[in-house]
Amino acid sequence: LRLVAYVPQEVFLYDATVTENIAFGLEPEQIDRDRVGQAAAIAQLDRFVTEEMPQGYETLIGERGVRLSGGQRQRLGLARAIYRQPQVLILDEATSALDGITEEALLSSLHGHFPDLTVIMIAHRLSTVKLCEAIYLIEHGRIVDSGSFAELLESNATFQRMVKRTT
């Protein structure tokens, strides 16, 4: 278990099984396979693994996850972070390759399973941060405003323009 887990936009994957990539760095005898499945389910990856991969969790994914789509690689990275059961989860554009429905299901599942988890999200897509308790608007490397989505929408002209451009 780790205090902080970080999921980048481009996840490092190696030519091993789905299980080994989720439980990254652990010896096979140390891997909790039930927790691997739970992490994959929360990351919205379990159904794909069990229904579409030939050997399920024991399927080799290829060097850098070459056999997976961008969204599947991101969900695998998210499952890896969830497997570690951190107290703080940093998502650096970690859902950018996901469609809106999958992203919403994943974030809802994450919140439902870990209601006390602190999630720090770096995102350009506003739908990603819509339900966040606090949003920090950054310009030129500096925080220029903060608040909930509704508060920023009401009070910040830059944020209003950003929302208008995405709807």
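Everything numeric here is computed off the predicted structure, so don't read it as measured data. The numbering scheme is per chain: residues are counted from 1 as the chain's sequence reads. Note on the predicted model: pLDDT of at least 70 is required for a residue's local features to be given, and 80 or more for side-chain atom pairs to be given and counted; whole-chain, interface and lining totals, by contrast, use all residues. Values reported for side chains reflect all heavy atoms of the structure, with hydrogen atoms and water molecules removed beforehand.

Draft legend 1. Quick look at the overall build of the protein. Along the protein, the regular secondary structure elements total eight helices and five strands. The way it works is that DSSP assigns letters per residue, a run of H or I at least four long becomes a helix, a run of E at least two long becomes a strand, and they are numbered from the N terminus. Reading the protein from its N end, one meets helices and strands in the order β-α-α-α-α-β-α-β-α-β-β-α-α. Taken over C-alpha atoms, the radius of gyration comes to 17 Å for the protein, in line with the 15 Å a tight globule of 167 residues would show. Accessibility here uses a 1.4 Å probe with only protein chains present; expressed as a share of the type maximum, an area under 20% marks a residue as buried, one over 50% as exposed, and anything in between as partly exposed. For the protein, the proportion of its 167 residues judged to be buried stands at 41%. Residue contacts follow a heavy-atom distance rule, with two residues in contact if any of their heavy atoms lie within 4.5 Å. Put simply, of all contacts in the protein between residues at least 6 apart along the chain, 64% involve residues at least 24 apart. Accessible surface for the protein amounts to roughly 10000 Å². Of this, 51% is attributable to carbon and sulfur atoms. Only four residue types enter the tally: Lys and Arg on the positive side, Asp and Glu on the negative side, with His and both chain ends excluded. In this description, the location of a charge corresponds to atom NZ of lysine, CZ of arginine, CG of aspartate or CD of glutamate. A gap of 6 Å separates the mean positions of the 16 positive and 23 negative side-chain charges of the protein. For a compact globule the rule gives 2.2 Å times the number of residues to the power 0.38, and the radius of gyration it is set against comes from C-alpha atoms. Per-residue accessibility takes into account occlusion by the displayed protein chains alone, with areas from the Shrake-Rupley method and a 1.4 Å probe.

Draft legend 2. The arrangement of helix 2 (residues 33-42) in detail. Buried within helix 2 are the following residues: Val-36, Gly-37, Ala-39, Ala-40 and Ile-42. Next to the buried residues of helix 2 lie helix 1 (18-22), helix 3 (46-52), helix 4 (70-83) and helix 5 (100-113). The residue sitting at the N-terminus of helix 2 and contributing the capping side-chain oxygen is Asp-32; that oxygen lies 3.1 Å from the backbone nitrogen of Asp-34. Looking at the residues trailing helix 2, positive phi occurs at Gln-44, about 60°. Whenever two N or O atoms come within 3.5 Å, that pair is a polar contact, provided that in protein one can donate a hydrogen and the other can accept it, and provided that, for residues adjacent in sequence, both atoms are side-chain atoms.

Draft legend 3. Local environment of unusual backbone geometry. If you check the backbone angles, Gln-85 has positive phi at about 50° while not being a glycine. Within the element layout of this structure, Gln-85 appears in the loop between helix 4 and strand 2 (88-92). Here His-140, not a glycine, exhibits a phi torsion of approximately 55°, which is positive. Of note, His-140 is situated in the loop between strand 4 (135-139) and strand 5 (142-147). Note on His-140: relative accessible area 82%, which makes it exposed.

Draft legend 4. Seen up close, the sheet that holds strand 2. Taken together, the three strands give an open sheet; going across it, the order is 1-2-3, and neighbouring strands pair in parallel fashion. Looking at the sheet topology across the chains shown, the edges are occupied by strand 1 (4-7) and strand 3 (118-122). Sheet twist, expressed as the mean angle between neighbouring strand axes with direction ignored, is 15°. Pairing between strand 2 and strand 3: five bridges, direction parallel. Its bridge partner lying in strand 3, Ile-90 is registered against Ile-120. Where helix 4 meets the sheet, its contacts fall on strand 1 and strand 2, and the angle it forms with strand 1 comes to roughly 175°. Strand pairing requires that DSSP identify at least two bridges connecting the strands. Helix axes use the C-alpha atoms of the stretch in contact, all axes being lines fitted to C-alpha atoms, and the angles between their N-to-C directions lie in the range 0 to 180 degrees.

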